Amino acid sequence: MKAGGAADARWMASAIALSNRARPTSHPNPNVGCILVRDGPDACRVVGHGWTQSGGRPHAEAMALTMAGGAARGAHAYVTLEPCAHDSTRGPSCAASLIDAGIARVSAAMLDPDPRTHGRGIAMLEGAGILCDVGTGARDARAAMAPWLHRQSMGRAQVTLKLATSIDGQIALANGESRWITGDRARAHAHMLRATHDAILVGRGTLAADNPRLDVRLGGLEHRRPRRILLSSGASAPDGWELAQSADAAARLPGIHALLVEGGAGAAAAFIAADLVDTLILYRAPILLGHGRAALGDIGLASLAAAHGRWQCADIRRLGDDIFERYERVRG
Ligand SMILES: NC(=O)c1ccc[n+]([C@@H]2O[C@H](COP(=O)([O-])OP(=O)(O)OC[C@H]3O[C@@H](n4cnc5c(N)ncnc54)[C@H](OP(=O)(O)O)[C@@H]3O)[C@@H](O)[C@H]2O)c1
């Protein structure tokens, strides 16, 4: 059950790229990608590919097998997560379907943490004489499925806090004006971020100041409609919005694997103070605002020492005139 070589790594990378197409629409299921490859006389040939469909079904393997038809016989399946072993009312298990289709070999990037499948999918396949390996591309597959894995292990959504700031860390002028701080490229990038999240949250102050649409304004992705959440202890949510009365309640709303918090300072501080932010994204524009509105309200910090060691810079690059910075929360 050992993972394979360079060609296997490349095919698995393609399957992982497909798995990203299922973000964020695959919930309640994980976003999985699958490629079926057959050896030919001169070269390998892809006979089927798929990713988890909206609402969680069909699974990636089912989509790839449907595409391949009879050509699946003898193929090598690359799957970003162990094929499921449990039948459901919505269809047979993927392990059973791969066996029935005559697949010769299965490479899975990682075992499924779901106890109904964990190890059982591979055992079923091996029991049917299929050669299996686990681990190729595991790190990247894990990253692609991070929100789903996070929800499984922590019981809450993976939370990303995104803020657009000036060089001096302000998110608005003192009078509340904040449109726009960053340029076109940073704003397009932020819309891509929206497209990969199940839900977007803002505080009541931001709703009142900006009345944001929180939609995805990118060609080809306009159909992505993240849920809109209002953070407020008392206000009622407008039509089409949901209300969360605390940061913790928002992070635990059912059906959300990836939650994007778009400010303002009060909402951002609430999530930081509750230690609910896993990823912090800053779009920093080359402007100075001086006495404006700081990016964060009170986060209850008692000493400078307590501020250190909590965040690690994971990415930094230019987007037009602006700087993109991504920080990950250091845990454990
Ligand atoms: N540059 C950027 O990236 C960016 C992004 C967003 C907003 N902004 C700007 O930021 C400004 C708004 O920021 P803001 O700090 O005034 O407002 P805000 O953070 O959007 O909203 C504050 C409100 O959120 C609710 N809230 C906060 N913490 C809570 C908690 N723990 N539990 C329940 N509710 C909680 C409270 O509503 P209730 O009082 O109803 O309980 C609070 O009054 C605007 O000028 C806007 O343009 C900038």
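Residues numbered from 1 in each chain as written. Predicted model: local features only at pLDDT ≥ 70, side-chain atom pairs only at ≥ 80, totals over all residues. Heavy atoms only, no water.

**Quick notes on the packing of aromatic side chains**
The way to describe two aromatic rings as a pair is by their centre distance and the angle between their planes. If you walk through the whole model with that rule in mind, you get two aromatic pairs. Centre to centre, the rings of W11 and Y78 are 6.5 Å apart; their planes meet at 35°, and the pair counts as tilted. Of the two residues, W11 is situated in helix α1 (residues 6-21) and Y78 in strand β3 (residues 76-79); the sequence distance between them amounts to 67 residues. Owing to a relative accessible area of 21%, W11 belongs among the partly exposed residues under this scheme. With centroids separated by 5.7 Å and ring planes inclined at 55°, the aromatic side chains of Y283 and F324 adopt a geometry described as tilted. (Phe/Tyr/Trp six-rings, centres within 6.5 Å; stacked < 30°, edge-to-face > 60°. Helix = DSSP H or I, 4+ residues; strand = E, 2+ residues; numbered from the N terminus. Buried < 20%, exposed > 50% of the residue type's maximum accessible area, 1.4 Å probe, protein only.)

**A look at the domain arrangement of the chain**
Each domain of the chain was delimited in the assignment, giving domain 1 (6-149) and domain 2 (156-329). A straight line from the C-alpha centre of domain 1 to that of domain 2 covers 34 Å. Every contact between the two is made by ten residues of domain 1 and, on the other side, nine residues of domain 2. Between domain 1 and domain 2, roughly 770 Å² of surface is buried when both sides are summed, and carbon and sulfur atoms account for 54% of that area. Inspection of the domain 1/domain 2 interface yields zero salt bridges. Looking at which element gives the most residues to the side of domain 1 that touches domain 2, the answer is helix α6 (residues 146-154), with three residues. Considered class by class, the residues forming the side of domain 1 that touches domain 2 number five nonpolar, three polar and two charged. (Domains from an automatic or database assignment. Contact = heavy atoms within 4.5 Å. Buried area = accessible area lost by both parts, 1.4 Å probe. Salt bridge = Lys/Arg side-chain N within 4 Å of Asp/Glu carboxyl O. Nonpolar A, V, L, I, M, F, W, Y, C, P; charged D, E, K, R; others polar.)

**Quick notes on the pattern of salt bridges**
For the structure shown, the criterion picks out 18 salt bridges. Close ionic contact of D114 with R116 constitutes a salt bridge, the shortest N to O distance being 2.7 Å. What makes D114 buried here is its relative accessible area of 12%. Among the ionic contacts, a cluster of salt bridges with common partners joins R156, D275, D278, R329 and R331.

**Considering the sheet that holds strand β1 (residues 33-39)**
Ordered by their spatial adjacency, five strands build an open sheet running β2-β1-β3-β4-β5, and the pairing between neighbours is mixed. Looking along the sheet, the strands with just one partner apiece sit at the ends: β2 (44-51) and β5 (131-134). Taken over all neighbouring pairs, the strand axes of this sheet differ in orientation by 15° on average, direction set aside. Sheet contacts for helix α2 (residues 60-68): β1, β2 and β3; angle to β2, the most-contacted strand, approximately 135°. Sitting on the sheet, helix α4 (residues 120-127) is in contact with β4 (105-108) and β5, with an inclination near 155° to β5. (Pairing = 2+ DSSP bridges. Axes fitted to C-alpha atoms, helices over the stretch in contact; angles between N-to-C directions.)

**A few points about the side chain of R329**
Note on placement: R329 falls in strand β15 (residues 322-329). A relative accessible area of 16% means that R329 is categorised as buried. Ignoring anything within four residues of it in the chain, the contact list for R329 reads D275, V277, D278, R310 and W311.

**Topic: α6**
Every buried residue belonging to α6 is among P147, W148, L149, H150 and R151, and all of these are buried. Those residues of α6 that are buried lie in contact with α5 (138-144), β6 (158-165), α9 (247-251) and β11 (258-261). Looking at the residues trailing α6, positive phi occurs at G155, about 75°.

**As for the side chain of E325**
Relative to the assigned elements, E325 resides in strand β15. Polar side-chain contacts of E325 include one of 2.8 Å to the side chain of R284. For E325, the residues in contact, after removing those within four places along its chain, are L280, I281, L282, R284, D315 and I316. (Polar contact = N/O pair within 3.5 Å; in protein donor to acceptor, adjacent residues only side chain to side chain.)

**Looking at the environment of R38**
Take R38: it is sitting in strand β1. Sequence spacing of R38 and R293 is 255 residues, and the spatial spacing of their C-alpha atoms is 59 Å. Those residues in contact with R38, other than ones at most four positions away along the chain, are A43, C44, R45, V47, G70, A71, R73, G74 and A75.

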